[in-house]
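# Residue-level structure breakdown
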Amino acid sequence: MSRARGALNTDSLLKLVLVLVVVWLALEVLEAFVGALAAVLGIARPFIGLLVVALIVLWLLDEI
């Protein structure tokens with residue numbers, strides 16, 4: 001009984017590696033974008049909380 005080892009074509013293997021590298025690079029770019037967004041929102045987080053509280057209070061007082 002012989003097994004078909006190495007049945008994967010070289011071109012297919014290169015395409016698979018290329019796809020994995022593209023996914024890896026996309027994740028790196030996404031991580032950088034999320035990190036920058038978190039840094040910007042990190043400063044504004046208290047203001048966002050105050051805005052949410054103000055909107056809830058205005059909604060409860062029927063001012064919205």
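Read on for a plain summary of the structure. (Residues numbered from 1 in each chain as written. Predicted model: local features only at pLDDT ≥ 70, side-chain atom pairs only at ≥ 80, totals over all residues. Heavy atoms only, no water.)

A count of helices and strands for the protein gives one helix and zero strands. A principal-axis box enclosing the C-alpha atoms of the protein has dimensions of 80 × 25 × 15 Å. Of the roughly 6300 Å² of accessible surface on the protein, 74% is carried by carbon and sulfur atoms. Each charge class in the protein was averaged separately, 4 positive and 5 negative side chains, and the resulting centres sit 28 Å apart. (Helix = DSSP H or I, 4+ residues; strand = E, 2+ residues; numbered from the N terminus. Areas by Shrake-Rupley, 256 points an atom, 1.4 Å probe, with all protein chains shown as cover. Lys, Arg positive; Asp, Glu negative; His and termini not counted. Charge placed at Lys NZ, Arg CZ, Asp CG, Glu CD.)

Taking 1.5 Å per residue, 51 residues should reach 75 Å; helix α1 (residues 10-60) reaches only 66 Å between its end C-alpha atoms and comes up short. One or two residues past the end of α1 sits D62, with phi positive at roughly 55 degrees. (Expected span 1.5 Å × (residues − 1).)

A separate point is the environment of L20. Inspection of the secondary structure puts L20 in helix α1. For the pair L20 and L60, spaced 40 residues apart in the sequence, the C-alpha separation amounts to 51 Å.

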